[in-house]
Amino acid sequence: MRTQAGLHIDPGALAAGPGARELEVVVPYTEWALAEATLQRAAVLAAGLNVRVRLVAVHSVPYAVSFGCPAAVHAHLVEQLVDLASRCQFPVEPQVVMARGWVEGFQYALHPDSTVLVGTRKHFWRTREESLARDLARGGHNVALIHVQ
């Protein structure tokens, strides 16, 4: 495992903090394939731990638009999260957050003691997910970047 400024890259395992009875793991939903692969990896990384997993999607609403979400868009996003959660061998709590900004929405959804697993693909340029992971790590969160195929 490599570490860059509070960001763990491809860790081999997860650990609960001292005195913690339960480890909360948050997987940001950025796209279906990344979230599915990250949830599968979370099962391996958290083996033997008392883990609570949340799958969080942020519905970003631009400032020029009134703060709301069309019912069809929200229902589709919830349906995707519930479907992903049902495919896991462990309980996953799906959650949709509405926010003005993508990073701000994830920061709002996170608890200070959460471990965030951000899935990304290896790419020559920095991906959107890598930028999210760095922003969350700079905000003081425990973040692990998971490279998936």
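Note: the structure precedes this text.
First, a word on what this report is: a plain description of the structure on this page. (Residues numbered from 1 in each chain as written. Predicted model: local features only at pLDDT ≥ 70, side-chain atom pairs only at ≥ 80, totals over all residues. Heavy atoms only, no water.)

1. Overview of the packing of helix α3 (residues 102-109) against helix α4 (residues 128-138)
At their nearest, the axes of α3 and α4 sit 10 Å apart, and the two run at 50 degrees to each other. Classified by the angle their axes make, α3 and α4 are oblique. As α3 runs across α4, the sense of the crossing is right-handed. Contact residues: α3 offers Trp102, Val103, Phe106 and Gln107, while α4 offers Arg128, Leu132, Asp135 and Leu136. Looking at side-chain class alone, the contact of α3 with α4 contains five nonpolar, one polar and two charged residues. (Axes fitted to C-alpha atoms, helices over the stretch in contact; angles between N-to-C directions. Helix = DSSP H or I, 4+ residues; strand = E, 2+ residues; numbered from the N terminus. Parallel < 35°, antiparallel > 145°, perpendicular 65-115°, else oblique. Left-handed = near helix turned anticlockwise from the far one by under 90°. Contact = heavy atoms within 4.5 Å. Nonpolar A, V, L, I, M, F, W, Y, C, P; charged D, E, K, R; others polar.)

2. A look at the nonpolar core
Ranked by internal contacts, the top residues of the largest apolar core, which has 26 residues, are Tyr29, Leu55, Val92 and Leu117. Looking at this core, the elements that each hand over two or more residues are β3 (23-29), α1 (32-45), β4 (51-60), α2 (71-86) and β7 (142-148). Top contributing element to this core by residue count: α1, with six residues. Filtering out sequence-adjacent residues up to four positions away, Val92 remains in contact with Leu39, Val53, Leu55 and Ala85. Ranked by size, the runner-up nonpolar core spans 19 residues in total, among them Val103, Phe106, Val116 and Val118. (Core = buried A, V, L, I, M, F, W, Y, C linked by side-chain atoms within 4.5 Å. Buried < 20%, exposed > 50% of the residue type's maximum accessible area, 1.4 Å probe, protein only.)

3. Examining the environment of Glu22
Along the chain, Glu22 turns up in the loop between β2 (7-9) and β3. In this structure Glu22 comes out as partly exposed when scored by relative accessible area, which is 40%. A C-alpha to C-alpha distance of 5.7 Å links Glu22 and Val51, two positions 29 residues apart in sequence.

4. Describing the pattern of salt bridges
By the definition in use, this model includes six salt bridges. The salt bridge partner of Arg121 is Glu31, with a shortest N-O separation of 2.9 Å. In this pair, Arg121 is assigned in strand β6 (residues 115-121) and Glu31 in the loop between β3 and α1, connecting sequence segments 90 residues apart. With a relative accessible area of 34%, Arg121 lands in the partly exposed category. We classify Glu31 as partly exposed; its relative accessible area is 30%. Here the residues in one salt-bridge network are Glu24, Arg52, Arg54 and Glu93, joined through shared partners. (Salt bridge = Lys/Arg side-chain N within 4 Å of Asp/Glu carboxyl O.)

5. A closer look at α3
By the burial criterion, the buried members of α3 are Trp102, Val103, Gly105, Phe106 and Ala109. Projected onto a plane normal to the axis of α3, the buried residues spread over an arc of 160 degrees and lie on a single side. The inward-facing, buried residues of α3 abut β3, β4, β5 (92-99) and α4. (Arc of directions from axis to C-beta.)

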